[in-house]
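# Chains, contacts and geometry: an overview
Residue-level listing of the chains:
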Amino acid sequence: KEIVGLIAAYERKTDEAISNLSFFLKENPNGYRARMARGKTFLLIGKHAEAVTDFKILSEQNPEDVTVHELLGDAYLNGHQYAQAEVV
């Protein structure tokens, strides 16, 4: 399911990507690639709160990962949560 979801995300088949990646993450909640791809897909379709959730989890699991923090800040900005974006 992860690979199918990753391919769908790459091809911008957003519903298929989110469905497969969510299924995979239920069994593998620490799946970095799947959570990153799902968060990016949520951002792509404007589901900022869901993207924030994924990127917050990733930032807690990978506190040194600058990319995760940048994406979390983007999710906050796009969701008009400016105060949160400032402290990421």
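Now for a look at the structure at hand. The shown structure was predicted, so the numbers you read here are calculated from the model rather than taken from an experiment.

Reading the values: the criteria
- Residues numbered from 1 in each chain as written.
- Predicted model: local features only at pLDDT ≥ 70, side-chain atom pairs only at ≥ 80, totals over all residues.
- Heavy atoms only, no water.
- Helix = DSSP H or I, 4+ residues; strand = E, 2+ residues; numbered from the N terminus.
- Salt bridge = Lys/Arg side-chain N within 4 Å of Asp/Glu carboxyl O.
- Buried < 20%, exposed > 50% of the residue type's maximum accessible area, 1.4 Å probe, protein only.
- Core = buried A, V, L, I, M, F, W, Y, C linked by side-chain atoms within 4.5 Å.
- Contact = heavy atoms within 4.5 Å.

One non-glycine residue, Arg12, adopts positive backbone phi at about 60 degrees. Of note, His80 is a non-glycine position whose phi angle comes to about 60 degrees, a positive value. Checked against the element boundaries, His80 lands in the loop between helix H5 (66–78) and helix H6 (82–86).

On inspection of all chains with the given rule, the structure shows four salt bridges. Put simply, Asp54 and Arg35 hold a salt bridge, and the shortest N to O gap is 2.8 Å. In this pair, Asp54 is assigned in helix H4 (residues 48–61) and Arg35 in helix H3 (residues 32–44), connecting sequence segments 19 residues apart. Assigned by exposure class, Asp54 and Arg35 land together as buried. Among the salt bridges present, the one from Arg38 reaches Asp54, with a minimum N-O distance of 2.7 Å. You can see Arg38 sitting in helix H3 and its partner Asp54 sitting in helix H4, a full 16 residues away along the chain. Asp54 shares its class with Arg38; the two are buried.

Among the nonpolar cores identified, the biggest contains 14 residues, and Met36, Leu43, Ala51, Phe55 and Ala75 are the most heavily contacted of them. Among the secondary structure elements, those contributing two or more residues to this core are H3, H4 and H5. Top element by residues in this core is H5. It accounts for five residues. Setting aside its immediate chain neighbours within four residues, Met36 contacts Phe55, Leu58, Thr67, Val68 and Leu71. Within the second largest apolar cluster, nine residues are counted, among which are Ala17, Phe24, Ala34 and Ala37.

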